[in-house]
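Here are the chains, one letter per residue:
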Amino acid sequence: MDVKEKIKQIENQIEDTIKDIKSSQTLQEIKLKFLGKSGEISSLMKNMRDVPPEERPSMGKLLNALRQWTEEQFNKLESGLKSIELEKRYANEKIDVTMPGLDLPDGAYHPTTLVTKELINIFLGMGFEIFEGPEIENDYYNFTALNTPKDHPARDMQDTFYLSENLLLRTQTSSGQIRVMENKKPPIKILSPGKVYRSDDDATHSPMFSQMEMLVVDKGLTLCDLQGMLDEFVKRIFGRGVKTRLRPSYFPFTEPSVEVDVSCFECGGSGCRLCKGTGWIEVGGAGMVNRRVLEGCGINPDEYTGFAFGLGIERIAMLKYGINNMKLLFEGDTRFLKQFKG
Ligand code: PHE
């Protein structure tokens, strides 16, 4: 075929295809087909070899003109397509700054935290100071100094996680009593909240739980002072109508020792499921600080007496909010947690 004809044909072909190009991506492909290294125009140029020398200059001109014209066609189309595509992108990515923001759910205090804060507030109001002891404790503070030497049967009351012969995860915040009394002379009025650990796991026990310890040491304190303080505390946390009862018990570090019960705030004492029909609910252990414990801390038991009280915070939270499984307090399920606001 004559080169001129071929040129005409290519021009027609380009005009035809160009009409249907809708995206810059197809445009690139078509461009390659004509202008690429092995495209139609380039192969025409390669054929110049077969053209007689005298015709070459004019032929070369024609082909160059074709190449230039083709490039112009594509460039025009390209800038048109690009601006259309850009506009489309802008439209897609348009942000309406007047739209309302994402509605993030409000956080809420965990029920254990709510109760802890409430307990702390009550005792701070009574003039207590807060002391926080270590969770990794040595045998001395957790047991021996609390009148529970090695081989004392009362060690069995608490299934202990030992870390070594001498180190353990504290089983009770009572260890804080010793740390305070060693360093502070009476009068002492200390509140010690914190995590404790016991190898125990069921619906009402967890291997890690929270306790709150209360210790008062001064001249002339008696069990009546303990009872009076507990009465007031219980009324503030469970309600004015709730009464306190002390039941004889045993702890190595208190003498006498008592179990602290409150009249059932659910049924008022007549007996229900919460109090298992007894009318009373146990909330903690307490007693007069054993004189051997005071002596061990360098406090003269003939001059000073003290009382201590310890409670399980999760247990109070369960009672207060009617939670029947302790696991709920540790699982972090938001369906449960979002029911508490505070
Ligand atoms: N530490 C005891 C316990 O964990 C509770 C307690 C505290 C008892 C203070 C008496 C005085 O069971």
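Relevant structure appears above.
The rules behind each value
Residues numbered from 1 in each chain as written. Predicted model: local features only at pLDDT ≥ 70, side-chain atom pairs only at ≥ 80, totals over all residues. Heavy atoms only, no water. Patch = residues over 30% accessible without salt bridge, like charges linked within 9 Å, V, L, I, M, F, W, Y side chains within 5 Å. Areas by Shrake-Rupley, 256 points an atom, 1.4 Å probe, with all protein chains shown as cover. Salt bridge = Lys/Arg side-chain N within 4 Å of Asp/Glu carboxyl O. Helix = DSSP H or I, 4+ residues; strand = E, 2+ residues; numbered from the N terminus. Buried < 20%, exposed > 50% of the residue type's maximum accessible area, 1.4 Å probe, protein only. Near = heavy atom within 4 Å. Polar contact = N/O pair within 3.5 Å; in protein donor to acceptor, adjacent residues only side chain to side chain. 1 Å grid on protein atoms, 1.4 Å probe; cavity = no way out; pocket = protein on both sides within 12 Å on 5 of 7 lines; lining within 4 Å. Points joined across faces, edges and corners; volume = space filled by probe spheres on them. Nonpolar A, V, L, I, M, F, W, Y, C, P; charged D, E, K, R; others polar. Contact = heavy atoms within 4.5 Å. Phe/Tyr/Trp six-rings, centres within 6.5 Å; stacked < 30°, edge-to-face > 60°. Lys NZ or Arg CZ within 6 Å of the ring centre and 35° of its normal. Axes fitted to C-alpha atoms, helices over the stretch in contact; angles between N-to-C directions. Parallel < 35°, antiparallel > 145°, perpendicular 65-115°, else oblique. Left-handed = near helix turned anticlockwise from the far one by under 90°.

Draft legend 1. Highlighting a nonpolar patch on the surface. Together, Ile136, Leu163 and Leu167 make up an exposed nonpolar region whose accessible area comes to about 260 Å². Note on placement: Ile136 falls in strand 2 (residues 136-138). Take Ile136: its relative accessible area is 49%, and that puts it in the partly exposed class.

Draft legend 2. Representation of the site of the ligand within the structure. In the vicinity of the ligand lie 15 residues, with Gln172, Ser174, Arg198, Gln211 and Glu213 positioned nearest. Within the side chain of Ser174, a nitrogen or oxygen atom sits 2.8 Å from a nitrogen atom of the ligand. Residue Arg198 places a side-chain N or O atom 2.7 Å away from an oxygen atom belonging to the ligand. Across the complex, the protein chains shield 92% of the 330 Å² of accessible surface that the ligand would expose by itself. Broken down by secondary-structure element, the contributors of at least two residues to the shell around the ligand are strand 5 (208-218), strand 8 (280-289) and strand 9 (305-312).

Draft legend 3. Region of interest: the layout of surface pockets. When its volume is computed, the second largest pocket comes out at roughly 290 Å³. Thr112, Thr116, Gly194, Lys195 and Ser210 are the residues nearest the centre of the second largest pocket, which is lined by 17 residues in total. Contributing elements (two or more residues each) for the lining of the second largest pocket: helix 5 (111-125), strand 4 (188-197), strand 5, helix 10 (313-321) and helix 11 (328-331). A class-by-class count of the residues in the lining of the second largest pocket yields five nonpolar, seven polar and five charged.

Draft legend 4. Seen up close, the pattern of salt bridges. Throughout the structure, instances matching the rule amount to 20 salt bridges. The partner of Arg155 in a salt bridge is Asp139, and the shortest N-O contact between them spans 2.8 Å. Placement of Arg155 in the loop between helix 6 (139-142) and strand 3 (167-169) and of Asp139 in helix 6 is noted, with a sequence separation of 16 residues between them. Here the two residues Arg155 and Asp139 agree in accessibility, since each one is buried. With a shortest N-O distance of 3.5 Å, Glu282 and Arg247 are connected by a salt bridge. In this pair, Glu282 is assigned in strand 8 and Arg247 in strand 6 (residues 244-251), connecting sequence segments 35 residues apart. For Glu282, a relative accessible area of 35% translates into the label partly exposed.

Draft legend 5. Spatial organisation of the environment of Leu119. With respect to the secondary-structure elements, Leu119 resides in helix 5. A relative accessible area of 0% places Leu119 in the buried class. Measuring from C-alpha to C-alpha, the distance between Leu119 and Cys224 comes to 21 Å, with 105 residues separating the pair along the chain. Setting aside chain neighbours within four positions, we find Leu119 in contact with Met212, Phe233, Ile237, Leu311 and Ile313.

Draft legend 6. Examining the packing of aromatic side chains more closely. Considering all chains together, one arrives at nine aromatic pairs under this definition. With centroids separated by 6.4 Å and ring planes inclined at 40 degrees, the aromatic side chains of Phe34 and Phe74 adopt a geometry described as tilted. One end of the pair, Phe34, is in helix 2 (residues 24-35); the other, Phe74, is in helix 4 (residues 56-92), and 40 residues separate them in sequence. For the pair Phe34 and Phe74, one class covers both residues: buried. Geometrically, the ring pair formed by Tyr140 and Tyr141 is edge-to-face, given 5.2 Å between the ring centres and 85 degrees between the ring planes. According to the relative accessible area criterion, Tyr140 is partly exposed, its value standing at 35%. In this structure Tyr141 comes out as buried when scored by relative accessible area, which is 13%. Members of the aromatic cluster, joined through ring pairs, are Phe123, Phe128, Phe233 and Phe309. In this arrangement the basic side chain of Arg179 is found over the ring face of Tyr141, its NZ or CZ atom lying 4.0 Å from the centre.

Draft legend 7. The arrangement of the environment of Ser83 in detail. Tracing the backbone shows Ser83 in helix 4. Residues Ser83 and Gly285 lie 202 residues apart in sequence; the distance between their C-alpha atoms is 80 Å.

Draft legend 8. Quick peek at the packing of helix 5 against helix 8 (residues 223-238). Running from N to C, helix 5 and helix 8 point in directions that differ by 135 degrees, and their axes come no closer than 10 Å. Relative to helix 8, helix 5 is oriented oblique. Judged by the sense of rotation from one axis to the other, the crossing of helix 5 with helix 8 is right-handed. Across from Glu118, Leu119, Ile122 and Phe123 in helix 5, the residues of helix 8 making contact are Met229, Phe233, Arg236 and Ile237. Tallied by class, the residues present in the contact of helix 5 with helix 8 amount to six nonpolar, no polar and two charged.

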